[in-house]
Structures are given as C-alpha cells and as structure tokens.
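Residues per chain, in single letters:
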Amino acid sequence: MTDIFWPDHLFLVGCGNMAGQMLARWLDCGLDPARVTVLRPSGKPVADGVRVVTGYPVALPADTTVLLGMKPYQIADVAASLAPLCGEDTDIVSILAGTPLAGLRAYFPAPRALIRAMPNLPVGIGQGVTALYTDAAVPVQAREAATSLISPLGLVEWIADEARFNEITALSGCGPAFLFRFIDALARAGEALGLPADQAARMALATVEGAASMAARASDSPGALADRVASPGGMTRQGLNVLDADDRLLKLLTDTLSAARDRGEEMAREG
Ligand SMILES: NC(=O)c1ccc[n+]([C@@H]2O[C@H](COP(=O)([O-])OP(=O)(O)OC[C@H]3O[C@@H](n4cnc5c(N)ncnc54)[C@H](OP(=O)(O)O)[C@@H]3O)[C@@H](O)[C@H]2O)c1
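A quick note: this is a predicted structure, and the numbers were derived from the prediction, not measured. (Residues numbered from 1 in each chain as written. Predicted model: local features only at pLDDT ≥ 70, side-chain atom pairs only at ≥ 80, totals over all residues. Heavy atoms only, no water.)

J.: What should I look at first to understand the pairing of strand β5 (residues 91–94) in this one?
T.: Consecutive side chains of a regular strand alternate in pointing toward one face of the sheet and then the other. Because side chains alternate across β5, one face comprises the buried residues Asp91 and Val93, and the other comprises Ile92 and Ser94, equally buried. Relative to β5, strand β4 (residues 64–68) is paired through 4 bridges, and the arrangement is parallel. Each bridged residue has a counterpart across the sheet, and for Val66 the counterpart in β5 is Ile92. Where the polypeptide runs from β4 across helix α2 (residues 75–82) and back to β5, its parallel neighbour, the crossover connection is right-handed. Note that β5 and strand β6 (residues 113–118) share 4 bridges and pair parallel. Residue pairing in the sheet places Asp91 in a bridge with Ala113 of β6. On the question of chirality, the crossover connecting β5 to the parallel β6 by way of helix α3 (residues 101–107) is right-handed. (Buried < 20%, exposed > 50% of the residue type's maximum accessible area, 1.4 Å probe, protein only. Helix = DSSP H or I, 4+ residues; strand = E, 2+ residues; numbered from the N terminus. Pairing = 2+ DSSP bridges. Right-handed = clockwise from strand over helix to strand, strands pointing away.)

If you want it as structure tokens, here you go:
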C-alpha cells in the first residue's frame, strides 16, 4: 500500500454502521486516534484513544477533514451547528445517500473542498468500493487527499458525472445487501431441496466467497467462468437455463437497482 496522506484532524459527524467501518479500517491502517473526534448523540465509545463528543466544539482545529456520516435527513440540523465552524481550510466528505453536491454547498458555503463519497460496508476489511465525486471548483490537492484517505478502504472510483451517483449507489453502495440476500437465498434453496439448514448456510457462504475471490483474480470474465463450470449437457447448464430464461436474473437485478436508484432521486427531491 502506498503512503496514506492522513488529515491533520478528522471530525466524524455520526459513526454508525458505515462511518464506523471506515474509521475502523483507517485506525487499522495507522491513523493516529488522537487525530480523530467523533460526534454521536449516544456518546458511545468508538475505539481506544478516539475522542467522542455529544455536542459541537466551539471551533474545529485548523485543516480539519469532516466526514458527514449521519442520516441524510439530518443534514439541515447538522449544518445549522456545523457550518459556522467550517472555514476555507475545512474539507468535507459526505457519505449521505441521495444528497447532491449543490445541496451540500448550500449548507456549507465556506469549505474549499466538498466531496461526495459512496462507500459500502466491506470498507471495514479494506475490500469495499467507494465512489467519489466533486466539481471543478475543488482544488486538485483536495481530490488527491480524498483519494489517499479512501484508498485503504478498497477500490476507489471517481465518477465524472454526478447524475450517475444514484446508479452507482444502487450498484455498489446497496450491493452488499443484495449479495447478502443472494447468499441467504442460495442456502435456503439448498434447504428446500433437503439439505440440513446449517450445512447449506456454510456451503452457500463459502461458495460465494470462493467464486468471488476467483472471479477477482481471473483474467476471464464472470460470464466465461460460468461457462467453465457448466459441462456441456450437464447439471450446471440446466440450472443456468433457469436463471437465463427471458433474462430472468438480469431483469430481476435491473428492477432491484432501478428501485434503489429511484429512491435516491426521491431523497434528493425531498432535500
Ligand atoms: N449503511 C451503509 O451500508 C451505507 C453505505 C453508504 C452510505 N451510507 C450513508 O451513511 C450514512 C449513515 O448510515 P448508517 O447506515 O451508518 O446509519 P447508522 O448506523 O444509523 O448511523 C447513524 C449515525 O448518526 C449518528 N447521529 C444520529 N443523530 C445525529 C445527529 N443529530 N447529529 C449527528 N449524528 C447523529 C448516530 O449516532 P449514535 O451512534 O449515537 O446513534 C450514528 O452514529 C447515511 O447517510 C447513509 O446514506 C450508508
């Protein structure tokens, strides 16, 4: 891993399922906990050495990077307290789904850098996917700093067009949930065929883990790999015929991503 450019100070607003995973990975990768402050209403401890507060400080240290990690609908309340603390030297990274950059800019006019990020849960083990977006007003150094900070979390993809952000969110942000469902369904289908439930669950999970690791290392596409499993006239082909008939699986996933994408657009309209 290349050297990570850690912020002088990191201020997390909210540290639940998602921001908590990001922070856990950063700490694993060497972020000094003394550089981190977490604001969370519950005041629950986060990690050794990380300061947790339940209210806003009177000022933020110079060159603070703020991670907005609360729920999207809380943005107006958070901004009312946080925006007065943010100066030109503040960088803001927002992981709020369905919250466009222009809306963030309206709440936070002062910071030189506002960056939208869409991570997914496996960032906690360094195998996540994070999409990043910002506009031309943001200096290149701030983009580089964001890339450096996010890179220990897994794959980093800059998105050229913010209009794609909800589609990206549907694919990779929400994607782990769809795959967790798939693992569960694979196991339950095995159980429906007569396998013991616990054994089917273990074997479904290990099959998905092995297949994903193999696909990640292979030079062949996943489609070509599927054909390598399917012996001509054999069992797999019969199963694939069910998934492939009338593009059944493709249509199901397209409908799934469309529903998630549409909710993001609705959230953006709701502000
Ligand atoms: N979950 C995902 O897979 C995922 C993926 C990508 C992006 N996101 C985005 O990440 C954000 C958080 O989602 P999540 O799943 O992590 O939710 P979550 O687990 O419910 O975490 C929300 C956090 O916000 C804190 N909080 C609550 N009210 C607050 C307030 N008024 N001011 C500041 N902080 C407040 C909570 O504090 P306590 O800890 O004290 O309860 C908690 O730490 C959302 O904007 C979501 O769109 C989530």
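J.: I'm lost on the pattern of salt bridges in this one. Help?
T.: Should the charged atoms of two oppositely charged side chains come close, the side chains can pair. Under the criterion given, the structure shown has 11 salt bridges. A salt bridge links Asp198 to Arg202, with the nearest nitrogen and oxygen atoms 3.6 Å apart. Highlighted residues: Asp198 and Arg202, both in helix α7 (residues 197–217), separated by 4 residues, approximately one helical turn. In this structure, Arg263 and Glu266 form a salt bridge, with 2.6 Å as the shortest nitrogen-oxygen distance. Of the two residues, Arg263 and Glu266 are both situated in helix α10 (residues 248–270); the distance of 3 residues between them amounts to about one turn of the helix. With a relative accessible area of 35%, Glu266 lands in the partly exposed category. Through salt bridges with shared partners, a single network forms among Asp63, Asp91 and Arg112. (Salt bridge = Lys/Arg side-chain N within 4 Å of Asp/Glu carboxyl O.)

J.: How do you make sense of the site of the ligand when you look at a structure like this?
T.: Residues in close proximity to the ligand total 22 residues, the closest being Cys15, Asn17, Arg40, Ser42 and Met70. One of the backbone N or O atoms of Asn17 is found 2.8 Å from an oxygen atom in the ligand. At 3.1 Å from an oxygen atom of the ligand is found a side-chain nitrogen or oxygen belonging to Lys71. Considering the ligand on its own, with 900 Å² of exposed area, one finds that the protein chains cover 76% of that surface. Of the residues assigned to the shell around the ligand, the class counts are 14 nonpolar, 6 polar and 2 charged. (Near = heavy atom within 4 Å. Polar contact = N/O pair within 3.5 Å; in protein donor to acceptor, adjacent residues only side chain to side chain. Areas by Shrake-Rupley, 256 points an atom, 1.4 Å probe, with all protein chains shown as cover. Nonpolar A, V, L, I, M, F, W, Y, C, P; charged D, E, K, R; others polar.)

J.: Explain the environment of Met203 here, please?
T.: Structurally, Met203 is set in helix α7. Sequence-wise, Met203 and Ile183 are 20 residues apart; in three dimensions their C-alpha atoms are separated by 9.6 Å.

J.: Teacher, can you tell me more about the UniProt feature "domain: Pyrroline-5-carboxylate reductase dimerisation" (unreviewed entry) in the protein chain here?
T.: Residues annotated in UniProt with the feature "domain: Pyrroline-5-carboxylate reductase dimerisation" (unreviewed entry) correspond here to residues 162–267. The straight-line gap between the two end C-alpha atoms of residues 162–267 is 15 Å; of that span, 81% is helix and 0% is strand. (UniProt positions renumbered as here; feature names shortened; annotations may be inferred.)

J.: Got a minute to help me understand the sheet that holds strand β8 (residues 154–158) in this structure?
T.: The strands that make up a sheet pair up through hydrogen bonds in the backbone, lying either parallel or antiparallel. Taken together, the 8 strands give an open sheet; going across it, the order is β3-β2-β1-β4-β5-β6-β7-β8, and neighbouring strands pair in mixed fashion. One side of each edge strand has no neighbouring strand; the edge strands of this open sheet are β3 (51–53) and β8. When the angles between neighbouring strand axes are averaged without regard to direction, this sheet yields 20°. With 5 bridges connecting them, strand β7 (residues 128–133) and β8 associate as parallel partners. Across the sheet, residue Thr130 finds its bridge partner in β8, namely Val156. Set on the sheet, α2 makes contact with β1 (9–13) and β4; between it and β4 the angle comes to about 160°. (Axes fitted to C-alpha atoms, helices over the stretch in contact; angles between N-to-C directions. Contact = heavy atoms within 4.5 Å.)

J.: Could you clarify how one ought to interpret the nonpolar core in this entry?
T.: A general trend in soluble globular proteins is that nonpolar side chains are found buried together. Within the largest apolar cluster, 26 residues are counted, with the highest numbers of intra-cluster contacts made by Phe11, Val13, Val66, Leu68, Leu82 and Phe108. Those elements that place two or more of their residues in this core are β1, β4, α2, α3, β6 and β7. No other element matches the 4 residues that α2 contributes to this core. In terms of nonpolar packing, the next biggest core, distinct from the first, is built from 25 residues, Cys15, Val50, Leu132 and Leu153 among them. (Core = buried A, V, L, I, M, F, W, Y, C linked by side-chain atoms within 4.5 Å.)

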